[in-house]
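Each chain, letter by letter, is given below.
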Amino acid sequence: MNEGAHEHGPNCDCESCGDPRSMDFLDKYLTVWIFGAMAIGIGLGYVAPSLTGPIQDLHLVEIGLVLMMYPPLAKVNYRQLPAVFKNVKVLGLSLVQNWLIGPTLMFALAIVFFSGFVPGLPARPEFFLGLVFIGMARCIAMVLVWNELAEGSNEYAAGLVAFNSVFQILTYGVYIWFFALFLPPLLGMESLVAGISAFDITPMQVFEAIAIFLGIPFAAGILSRFVGTRTKGTEWYEETFEPTISPLTLIALLFTVIVMFAMQGERIVAQPSDVLLIAVPLTIYFVVMFFVSFGMGRGIGADYSTTTAIGFTAASNNFELAIAVAVAVFGVGSGVAFATVIGPLIEVPVLLALVHVAIYFQDRFDWGGYETGQLESTRPPDEPVSSQVDDD
């Protein structure tokens with residue numbers, strides 16, 4: 001088989017990706033490392049809860065997230081982004097998934113689990129609000145890592161994250177008001193927001209969070225590619241520099257997992273039932289959003305790399321923003337803040353599992369003829385450029 005005429009993956013026999021024995025040691029046992037990092041973080045947080053202060057003061061979570069996002073964004077071929085933004089079909093699908101299906105699904109899950117509507121599940125207004133804060137904050141950071149691990153399109157992942165970030169700046173406060181303040185009383189659930197008249201969430205707060213967690217690594221990635229390709233050439237950049245920085249993603253991911261779990265280690269051990277209670281609707285959300293979005297991507301005829309980017313950008317959330325806003329509005333010790341912090345702790349193992357699901361789908365399904373969103377980097381060299389690529 002021509003090496004350029006297929007989607008590369010773990011079951012591919014080509015030299016670049018197929019033989020598991022040639023996989024990087026860190027990649028090969030990633031699941032083990034992730035769960036090990038979670039255990040270390042919880043242990044540190046429980047044994048030495050005073051670590052929370054230095055972690056916050058030194059902004060270790062923020063540093064880890066920025067470092068984690070840098071390699072995927074440095075690998076983006078920014079010359080292909082115009083083709084991404086011209087693809088109305090993919091962008092429109094992403095808007096529907098992120099700003100209609102996602103928020104509505106999270107609101108519904110918050111009602112089911114925390115409104116007191118279901119017998120046996122008592123009302124927990126603070127957890128209800130926490131899930132709403134999470135559900136309205138769309139993808140931004142870890143999605144780039146999950147997408148890269150699943151061999152999705154870096155260009156589409158970066159483009160969709162940037163695209164949805166613009167909407168997030170303009171609409172996050174409005175969505176919080178609509179789903180947290182307007183709808184519950186309309187459904188006869190005034191107790192969920194009793195005593196809360198307004199959320200003071202400004203576009204500037206949202207912009208600041210996005211500027212830090214997306215703007216910094218985006219700028220670093222663009223600068224790296226611009227300087228690297230012009231001083232050393234494209235071949236050196238893609239064959240030498242990119243492989244050199246690739247391990248930084250997983251190393252920073254493991255570091256971030258450790259410090260995130262360490263910050264909540266004591267509370268996780270002390271309140272395991274609350275953690276599990278929050279984990280159930282979040283797990284349902286991640287899984288449903290991924291399968292629905294992946295199916296919708298395949299439904300419009302998108303190739304594997306584009307479909308994977310669509311699936312993970314819809315299934316992930318901007319927990320950094322949700323946590324920052326919850327802490328600013330309700331305080332760091334509130335139940336609302338606790339619920340938002342549990343979010344990324346559940347996302348890590350669930351999305352990691354979905355990475356394996358995506359790779360299975362890559363091998364399981366026939367992707368022949370699925371060309372919507374296909375970019376030059378994923379098109380076989382002998383395949384003519386179709387007008388569908390630009391016009392879809």
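Shown above is the structure to which this text applies.
Residues numbered from 1 in each chain as written. Predicted model: local features only at pLDDT ≥ 70, side-chain atom pairs only at ≥ 80, totals over all residues. Heavy atoms only, no water.

A. Molecular detail of the pattern of salt bridges. On inspection of all chains with the given rule, the structure shows five salt bridges. Across the salt bridge formed by E238 and R225, the nearest N and O atoms sit 3.9 Å from each other. One end of the pair, E238, is in helix α11 (residues 234-270); the other, R225, is in helix α10 (residues 203-231), with 13 residues separating them in the sequence. Taking the relative accessible area as the measure of exposure, E238 reaches 37% and is therefore partly exposed. Across the pair E242 and R225 runs a salt bridge whose closest N-O atoms are separated by 2.9 Å. Highlighted residues: E242 in helix α11 and R225 in helix α10, separated in sequence by 17 residues. (Salt bridge = Lys/Arg side-chain N within 4 Å of Asp/Glu carboxyl O. Helix = DSSP H or I, 4+ residues; strand = E, 2+ residues; numbered from the N terminus. Buried < 20%, exposed > 50% of the residue type's maximum accessible area, 1.4 Å probe, protein only.)

B. A look at a nonpolar patch on the surface. On the surface, V174, W177, F178, F182, L186 and L187 cluster together into a nonpolar patch covering about 580 Å² of accessible area. Among the structural elements, F182 can be located in helix α9 (residues 154-186). (Patch = residues over 30% accessible without salt bridge, like charges linked within 9 Å, V, L, I, M, F, W, Y side chains within 5 Å. Areas by Shrake-Rupley, 256 points an atom, 1.4 Å probe, with all protein chains shown as cover.)

C. Examining the nonpolar core more closely. Counting 116 residues, the largest nonpolar core has F128, W146, Y172, I176, L253, I278 and F312 as its most contacted members. Looking at this core, the element that brings in the most residues is helix α15 (residues 335-364), giving 16 residues. Apart from residues lying up to four places away in sequence, F312 is in contact with V143, W146, N147, A150, F290, L351, L354, V355 and A358. (Core = buried A, V, L, I, M, F, W, Y, C linked by side-chain atoms within 4.5 Å. Contact = heavy atoms within 4.5 Å.)

D. Region of interest: the packing of aromatic side chains. Taken as a whole and judged by the stated rule, the model has 29 aromatic pairs. Taken together, a centroid distance of 5.4 Å and an interplanar angle of 65 degrees make the contact between F163 and F167 edge-to-face. Taken together, the positions of F163 and F167, both in helix α9 and four residues apart, correspond to about one turn of that helix. The class of F163 is buried, set by a relative accessible area of 18%. Here F167 falls in the partly exposed class, since its relative accessible area comes to 30%. Ring pairs connect the aromatic residues F290, F291, F294, Y304, F312, Y360, F361, F365, W367 and Y370, which therefore count as one cluster. (Phe/Tyr/Trp six-rings, centres within 6.5 Å; stacked < 30°, edge-to-face > 60°.)

E. Main features of unusual backbone geometry. The phi dihedral of H59 is positive, around 55 degrees, even though this residue is not glycine. Structurally, H59 can be placed in the loop between α3 (52-57) and α4 (60-74). On the accessibility criterion, H59 (45% relative accessible area) is partly exposed. Its identity is not glycine, yet E151 carries a phi of approximately 65 degrees, on the positive side. Mapped onto the elements of the fold, E151 is located in the loop between α8 (143-149) and α9.

F. View of the packing of helix α6 (residues 88-114) against helix α13 (residues 304-315). Relative orientation of the contacting elements α6 and α13 amounts to 25 degrees, with a least axis distance of 9 Å. One way to sum up the angle between α6 and α13 is to call them roughly parallel. Crossing geometry of α6 relative to α13 is assigned as right-handed. For the pair α6 and α13, the contacting residues are V90, L93, Q97 and N98 in the first and T306, I310, T313 and A314 in the second. (Axes fitted to C-alpha atoms, helices over the stretch in contact; angles between N-to-C directions. Parallel < 35°, antiparallel > 145°, perpendicular 65-115°, else oblique. Left-handed = near helix turned anticlockwise from the far one by under 90°.)

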